[in-house]
Amino acid sequence: RELSATGYCNHMGREAAGWFLSRDLGLDWRLGAEWFESTLIDYEPAANWFNWVYRCLPAVAKSAEPRKHLQTLEILIWGAQHDPDAR
């Protein structure tokens, strides 16, 4: 919501979104990277693409069954830890 409303998202929100899109939903990581590119105000190409490759691809590579991880609720735990008011 923050990204859609303001064009900004903190690093944990970016990472959580990346993990959720690629690991839990099984989407191609490049779709998420392109969406962030088109939406972020503070978009910087090298940082955006590097972070997707560095943070999200290892998680996807470890998972033979992407949708299985959604059952662990890990993404909800991250959200509660880093944004308890869900802003």
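Note that the coordinates shown come from a computational prediction; the quantities given were computed from them, not determined experimentally. Per chain, residue numbering runs from 1 following the sequence as it is written. The predicted nature of this model means local features are confined to residues of pLDDT at least 70 and side-chain atom pairs, given and counted, to a pLDDT of 80 or more, with totals for whole chains, interfaces and linings taken over all residues. Side-chain descriptors were evaluated using all non-hydrogen atoms of the structure, hydrogens and water having been removed beforehand.

Student: What should I look at first to understand the overall build of the protein chain in this one?
Tutor: A count of helical and extended segments in the protein chain gives five helices and zero strands. Contacts are residue-level and defined by heavy atoms, with any inter-residue pair within 4.5 Å sufficient. The long-range fraction of contacts in the protein chain, counting pairs at least 24 apart against all pairs at least 6 apart in sequence, stands at 65%. Accessibility throughout is a Shrake-Rupley quantity obtained with a 1.4 Å probe, and a residue counts as covered only by protein chains that appear here. If you sum the accessible surface of the protein chain, you get close to 6000 Å²; carbon and sulfur atoms cover 60% of it. Runs of H or I in DSSP of at least four residues are treated as helices and runs of E of at least two as strands, each being numbered from the N terminus.

Student: Would you take a moment to explain the nonpolar core for this structure?
Tutor: One recurring pattern in soluble globular proteins: nonpolar side chains tend to sit buried together. What we call a nonpolar core is a set of buried Ala, Val, Leu, Ile, Met, Phe, Trp, Tyr and Cys residues that are connected through their side-chain atoms within 4.5 Å. Per-residue accessibility, obtained with a 1.4 Å probe over protein chains only, is compared with the maximum for each type, and a residue is labelled buried under 20%, exposed over 50%, and partly exposed between these values. In this structure, L3, F36, W52 and W78 are the most contacted members of the largest nonpolar core, which totals 13 residues. What L3 contacts, discounting residues up to four positions off in sequence, is Y8, C9, W35, F36, T39 and L40.

Student: Help me understand the layout of surface pockets in this model?
Tutor: The volume enclosed by the largest pocket comes to roughly 690 Å³. Only protein atoms enter the 1 Å grid used here, on which a cavity is any set of points holding a 1.4 Å probe that cannot leave and a pocket is any open set flanked by protein within 12 Å on both sides along at least five of seven lines; residues with an atom within 4 Å of a point are listed as lining. The wall of the largest pocket is formed by 22 residues, among which R1, C9, G13, A16 and A17 lie closest to the centre. Looking at the lining of the largest pocket, the elements that each hand over two or more residues are helix 1 (2-6), helix 2 (11-24), helix 3 (29-39) and helix 5 (74-82). Among the elements that make up the lining of the largest pocket, the one with the highest residue count is helix 2 (six residues). Grouping the amino acids of the lining of the largest pocket by side-chain chemistry returns 13 nonpolar, five polar and four charged. The space that makes up the second largest pocket amounts to roughly 290 Å³. Lining the second largest pocket we find 15 residues, and of these H11, R14, A47, N48 and N51 sit closest to its centre. Grid points are joined across faces, edges and corners, and a volume is the space filled by probe spheres set on the points. Ten residue types, Ala, Val, Leu, Ile, Met, Phe, Trp, Tyr, Cys and Pro, are classed as nonpolar, four, Asp, Glu, Lys and Arg, as charged, and the remainder, Gly among them, as polar.

Student: Mind showing me how you'd approach helix 3 here?
Tutor: Because an α-helix completes one turn every 3.6 residues, residues spaced three or four positions apart along the sequence face the same direction. Every buried residue belonging to helix 3 is among W29, G32, A33 and F36, and all of these are buried. All buried residues of helix 3 lie within an arc of 100° about the axis, which places them on one face of the element. Turned more than 90 degrees away from the buried face of helix 3, the exposed residues are L31 and S38. The directions considered for the arc are those from the helix axis to the C-beta atoms.

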